[in-house]
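Residues per chain, in single letters:
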Amino acid sequence: MARGIIAVLSIALTVFALADCVQTEDEKVRGLPKWAWIVLIVLIPWVGPITWLFVGKERSSGTGRQQRKGPTAPDEDPDFLRQLDEDIRRERRERREQDGDEA
């Protein structure tokens, strides 16, 4: 039973590391070329996948999410907010002018 669990864990770790390696951009691969990492992950159980996960890839710092440059939402974009404010003021001015013409 224990051997079965160890075998399943080894296969799962290998599949995870292999998928991570294949999906990683070439610029973020460290140490070896990507093809060498793939060979290492597949041919050396436990050591290959664990080495890939700790050494083979540049990891982003922080929460693991990619850092964006610039605003992440419209309400954080100063240009959008400025334009929105100008639009609201223009609409109010036009509405006041229309109300003044009707009276």
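Residues numbered from 1 in each chain as written. Predicted model: local features only at pLDDT ≥ 70, side-chain atom pairs only at ≥ 80, totals over all residues. Heavy atoms only, no water.

Draft legend 1. Molecular detail of the overall build of the protein. Counting its secondary structure elements, the protein contains 4 helices and 0 strands. Scanning the protein from its N terminus toward the C terminus, one meets helices and strands in the order α-α-α-α. Buried residues in the protein amount to 17% of all 103 residues. For the protein, the exposed surface amounts to about 8600 Å²; the carbon and sulfur share of it is 58%. (Helix = DSSP H or I, 4+ residues; strand = E, 2+ residues; numbered from the N terminus. Buried < 20%, exposed > 50% of the residue type's maximum accessible area, 1.4 Å probe, protein only. Areas by Shrake-Rupley, 256 points an atom, 1.4 Å probe, with all protein chains shown as cover.)

Draft legend 2. Representation of the environment of I41 within the structure. With respect to the secondary-structure elements, I41 resides in helix α2 (residues 34-43). A relative accessible area of 0% places I41 in the buried class. Put simply, I41 and F16 are 25 residues apart on the chain and 10.0 Å apart in space, counted from C-alpha to C-alpha. Once you skip the residues sitting within four places of it in the chain, I41 turns out to touch T14, A17, L18, C21, G48, P49 and W52. (Contact = heavy atoms within 4.5 Å.)

Draft legend 3. Representation of the packing of aromatic side chains. A complete count under the given rule lists 1 aromatic pair for this structure. Note on W37 and W52: the rings are 5.4 Å apart at their centroids and 65 degrees apart in plane angle, and the pair reads as edge-to-face. Placement of the pair is W37 in helix α2 and W52 in helix α3 (residues 47-56), with a sequence separation of 15 residues. Grouping residues by exposure puts W37 and W52 together as buried. (Phe/Tyr/Trp six-rings, centres within 6.5 Å; stacked < 30°, edge-to-face > 60°.)

Draft legend 4. Broad picture of the environment of G56. Relative to the helices and strands, G56 resides in helix α3. A relative accessible area of 0% places G56 in the buried class. For G56 and G31, which are 25 residues apart along the polypeptide, the C-alpha to C-alpha distance reads 6.3 Å. Leaving out residues up to four positions away in the same chain, G56 has contacts with K28, V29, R30, W37 and T51.

Draft legend 5. Spotlight on the side chain of T14. When you line up the elements, T14 lands in helix α1 (residues 2-23). Taking the relative accessible area as the measure of exposure, T14 reaches 17% and is therefore buried.

Draft legend 6. Structural context of the nonpolar core. By size, the foremost hydrophobic cluster in this structure holds 6 residues: A17, C21, V29, W37, I41 and W52. Only α1 and α2 provide two or more residues apiece to this core. Look past the residues within four positions of V29 in its chain and what remains in contact with it is T24, K34, W37, W52 and G56. (Core = buried A, V, L, I, M, F, W, Y, C linked by side-chain atoms within 4.5 Å.)

Draft legend 7. Main features of the environment of F16. Secondary-structure assignment places F16 in helix α1. Note: C-alpha distance between F16 and L53 (37 residues apart in sequence) is 9.5 Å.

Draft legend 8. Quick peek at the packing of α1 against α2. Relative orientation of the contacting elements α1 and α2 amounts to 175 degrees, with a least axis distance of 10 Å. As the angle between them shows, α1 and α2 are arranged roughly antiparallel. Along the contact surface, α1 presents T14, A17, L18, C21 and V22, while α2 presents K34, W37, I38, I41 and V42. Here the contact of α1 with α2 is built from residues that sort into 8 nonpolar, 1 polar and 1 charged. (Axes fitted to C-alpha atoms, helices over the stretch in contact; angles between N-to-C directions. Parallel < 35°, antiparallel > 145°, perpendicular 65-115°, else oblique. Nonpolar A, V, L, I, M, F, W, Y, C, P; charged D, E, K, R; others polar.)

Purely spatial values, then, with no claim about function.
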